[in-house]
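For reference, the chains in residue letters:
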Amino acid sequence: MATPFRRALAVGAAVAASGMLAFGFYRTRKQRAQVRRITVAFAGSERPARQRALDDLAGRADMSAPDGRADAARAVCALLRESVNGAYTALATREDFAPDDAPPRFDALASDLRRRYDVETRRNRETAPAPALPRDAREPGYLVVTVLVGLDEARPFDDRVYDRAALRAALDALVPTRCGLAALEVIWSPSVDEDRMAADALAAHYPELVPLRDGSAR
């Protein structure tokens, strides 16, 4: 089953984009599967450039095979790592499951994240016009990016993200070296420069994110 990249209109006028949802978890009674998530909220004037970079990746990523999904995830993580100085809040999680339980859990997490937005405007290389949005230049707003991955095998992963150094380390380790991904979902909001996600909208949509200890990006 595969659901490709997508963008959606968030409740409260935040536009989001989400990546492919694809299951391929290997079933074996001797093995545990794993679902990992990193979500980062960025602040600052570089938001439009990050939006364009994510949109470009969505249009050219090969999501049809485990190696392609891993390459796409690594590309997103590299982009986020370059932008860590602008990170405001973040969250990393890791959950281990029996192989049969991993796909439903991944699906539930991805569905929860997608339900925070309403209108789909992108699927991989297919695009649809974004709804008309009033431009509000009073504040640059926040950009929230989530990378959700599924692994066929449970592996060590430090999900203690409390400052930017820990966030860099988590981004570096999210996709194991020389490992394909059974599942990948990438979600970002907003996805157009005309939209703005204010602090109250960020708190409403992502109450689970925690501030990074080494200062707040603005």
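Residues numbered from 1 in each chain as written. Predicted model: local features only at pLDDT ≥ 70, side-chain atom pairs only at ≥ 80, totals over all residues. Heavy atoms only, no water.

J.: Honestly, the overall build of the protein in this entry has me stumped. Any pointers?
T.: Scanning the protein for helices and strands turns up 5 helices and 11 strands. Per-residue burial over the protein gives 55% buried out of 218 residues. Residue pairs at least 24 apart in sequence account for 87% of intrachain contacts in the protein once pairs closer than 6 positions are excluded. Surface summary for the protein: the accessible area is close to 9,900 Å², and the carbon and sulfur share equals 49%. (Helix = DSSP H or I, 4+ residues; strand = E, 2+ residues; numbered from the N terminus. Buried < 20%, exposed > 50% of the residue type's maximum accessible area, 1.4 Å probe, protein only. Contact = heavy atoms within 4.5 Å. Areas by Shrake-Rupley, 256 points an atom, 1.4 Å probe, with all protein chains shown as cover.)

J.: Explain the pattern of salt bridges to me, please; I cannot follow it from the model alone.
T.: Two side chains of opposite charge can pair, provided their charged atoms sit close to one another. By the definition in use, this model includes 11 salt bridges. In this structure, the salt-bridge partner of Glu95 is Arg105, at a minimum N-O distance of 3.1 Å. Residue Glu95 is located in strand β6 (residues 87–97), and its partner Arg105 is located in helix α3 (residues 102–114); the two are separated by 10 residues in the primary sequence. Take Arg105: its relative accessible area is 29%, and that puts it in the partly exposed class. Connected through salt bridges with shared partners, the residues Arg37, Asp112, Arg116 and Glu208 form a single ionic network. (Salt bridge = Lys/Arg side-chain N within 4 Å of Asp/Glu carboxyl O.)

J.: How should the nonpolar core be read in this particular structure?
T.: Within soluble globular proteins, side chains that are nonpolar generally end up buried alongside one another. Judged by nonpolar contacts, the single largest core of 37 residues is most densely connected at Ile38, Val76, Val145, Leu167, Leu181 and Leu184. Counting residues per element, the ones that place at least two in this core are β5 (33–43), α1 (47–60), α2 (66–82), β6, β9 (142–151), α4 (164–173) and β10 (183–189). Sequence-distant contacts of Val145, defined by excluding residues within four places in its chain, comprise Ile38, Thr39, Val40, Phe42, Leu54, Val76, Leu80, Ile187 and Trp188. (Core = buried A, V, L, I, M, F, W, Y, C linked by side-chain atoms within 4.5 Å.)

J.: I'm lost on the packing of α1 against α2 in this one. Help?
T.: Geometrically, a packed helix pair is captured by the angle between its two axes and the distance between the axes. Close contact between α1 and α2 brings their axes to 11 Å; oriented N to C, the two are set at 170 degrees. Accordingly, the angle class assigned to the pair α1 and α2 is roughly antiparallel. Counting all contacts with α1, which are made through Arg50, Ala53, Leu54 and Leu57, the residues of α2 involved are Ala72, Ala75, Val76 and Leu79. (Axes fitted to C-alpha atoms, helices over the stretch in contact; angles between N-to-C directions. Parallel < 35°, antiparallel > 145°, perpendicular 65-115°, else oblique.)

J.: Just checking my understanding: could you explain the pairing of β10 for this structure?
T.: Here is the key point about a regular strand: its side chains alternate between the two faces of the sheet. With 7 of 7 residues buried, β10 is to be regarded as a mostly interior element. Every second residue of β10 is oriented toward a common face, with Ala183, Glu185, Ile187 and Ser189 on one face and Leu184, Val186 and Trp188 on the other, all of them buried. In the sheet, β9 pairs with β10 via 7 bridges, with the strands oriented antiparallel. Counted as the bridge partner of Thr146 is Ile187 from β10. (Pairing = 2+ DSSP bridges.)

J.: Is there a simple way to explain α1 in this structure?
T.: Count 3.6 residues to each turn of an α-helix, and residues three or four apart come out pointing the same way. Relative to the 20 Å expected for 14 residues at 1.5 Å per residue, α1 spans 20 Å between its end C-alpha atoms, a close match to the ideal helical length. Residues of α1 that are buried: Arg47, Pro48, Arg50, Gln51, Leu54, Leu57 and Ala58. (Expected span 1.5 Å × (residues − 1).)

J.: I would appreciate a short explanation of α4 in the present structure.
T.: When α4 is considered as a whole, its buried residues turn out to be Arg164, Ala166, Leu167, Ala170 and Leu171. Take α4 and look down its axis: the buried residues cluster within an arc of 155 degrees, on one side only. Looking at the buried residues of α4, the elements they touch are β5, α2 and β6. Sitting at the head of α4, Asp163 places a side-chain oxygen 3.2 Å from the backbone nitrogen of Ala165. (Arc of directions from axis to C-beta. Polar contact = N/O pair within 3.5 Å; in protein donor to acceptor, adjacent residues only side chain to side chain.)

J.: Explain the side chain of Thr39 here, please?
T.: As for its placement among the helices and strands, Thr39 is situated in strand β5. There is a polar contact of 2.7 Å between the side chain of Thr39 and the side chain of Arg37. Other than its neighbours up to four places away in sequence, Thr39 contacts Thr89, Ala90, Leu91, Val144, Val145, Thr146, Tyr206 and Leu209.

J.: How should I be thinking about the packing of aromatic side chains in this particular structure?
T.: Any pair of aromatic rings gets described here by the distance separating the centres and the angle formed by the planes. Applying the stated criterion across every chain, the model contains 1 aromatic pair. Both rings, one in Tyr88 and one in Tyr142, keep their centres 5.0 Å apart while their planes meet at 40 degrees; by these two values the pair is tilted. Here Tyr88 is found in strand β6, whereas its partner Tyr142 is found in strand β9, with 54 residues between them in sequence. In this structure Tyr88 comes out as buried when scored by relative accessible area, which is 17%. The buried category is assigned to Tyr142, whose relative accessible area is 6%. (Phe/Tyr/Trp six-rings, centres within 6.5 Å; stacked < 30°, edge-to-face > 60°.)

J.: Before we go on, may I ask you to explain the environment of Leu54 in this structure?
T.: Looking at where Leu54 falls in the secondary structure, it is placed in helix α1. Separated by 134 residues in the primary sequence, Leu54 and Trp188 place their C-alpha atoms 8.1 Å from one another. Residues within four places of Leu54 in sequence aside, it is in contact with Val76, Leu79, Leu143, Val145 and Trp188.

Structural measurements only, silent on function.
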